[in-house]
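The chain contents come next:
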Amino acid sequence: AIEGFSLTPRHGIAAQDFEVRAVLGRDWLSPWLPGGSFCGSRGLALPLRGFCLRLHPAAAARFELASVARFVDGSDAGPIPADRICASASMAALEAFQVLLRPRSP
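These lines cover the structure that appears in this document, whether it is placed above or below. None of these values were measured; they are calculated from a predicted model.

### Digging into the overall build of the chain
So, step 1. Helix and strand counts for the chain come out as one helix and 10 strands.
So, step 2. In terms of C-alpha radius of gyration, the chain reaches 13 Å, essentially the compact-globule figure of 13 Å for 106 residues.
So, step 3. Reported as C-alpha extents along the three principal axes, the dimensions of the chain are approximately 40 × 25 × 25 Å.
So, step 4. Expressed as a percentage of the 106 residues in the chain, the buried residues total 37%.
So, step 5. At a minimum sequence separation of 6, the contacts of the chain that also span at least 24 residues come to 60%.
So, step 6. Carbon and sulfur atoms make up 52% of the accessible area of the chain, which amounts to about 6,100 Å² in all.
So, step 7. Of the charged side chains in the chain, 11 are positive and 9 negative; the average position of the first set lies 3 Å away from that of the second.

What follows is the structure, given as structure tokens:
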């Protein structure tokens, strides 16, 4: 299970263009953190139950953001749009995820 992560964009978007938050349990969310920051249960050894990503307005005008994930119970979620929680219905621990970032059509 994943206990935390940090996202560092390669090109086209900067870390200050998005925010992340972790789902640590049912109704237990971390605060929104700037992109590029560690997001998770530092020092608590808790597996993440999901996560949420959002773009700042200027970046949201240029990009579409979605997430897909797999959980230790074998379930999948996604694609989940930005600003929505990506988690399994059973709140199983997060095993893997992918972030999908696409330029918006003109």
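### Quick word on the sheet that holds strand β8 (residues 76–81)
So, step 1. In space, the three strands of this open sheet follow the order β8-β7-β10, with antiparallel pairing throughout. Only two strands of the sheet have a single partner each, and these edge strands are β8 and β10 (94–103). Neighbouring strand axes in the sheet, compared pairwise and without regard to direction, differ in orientation by 15 degrees on average.
So, step 2. In the sheet, strand β7 (residues 63–71) pairs with β10 via nine bridges, with the strands oriented antiparallel. Its bridge partner being in β10, Ala66 is matched across the sheet by Leu100.

Scoring rules and cut-offs
Residues numbered from 1 in each chain as written. Predicted model: local features only at pLDDT ≥ 70, side-chain atom pairs only at ≥ 80, totals over all residues. Heavy atoms only, no water. Helix = DSSP H or I, 4+ residues; strand = E, 2+ residues; numbered from the N terminus. Rg over C-alpha atoms; globule rule 2.2 N^0.38 Å. Buried < 20%, exposed > 50% of the residue type's maximum accessible area, 1.4 Å probe, protein only. Contact = heavy atoms within 4.5 Å. Areas by Shrake-Rupley, 256 points an atom, 1.4 Å probe, with all protein chains shown as cover. Lys, Arg positive; Asp, Glu negative; His and termini not counted. Charge placed at Lys NZ, Arg CZ, Asp CG, Glu CD. Pairing = 2+ DSSP bridges. Axes fitted to C-alpha atoms, helices over the stretch in contact; angles between N-to-C directions.

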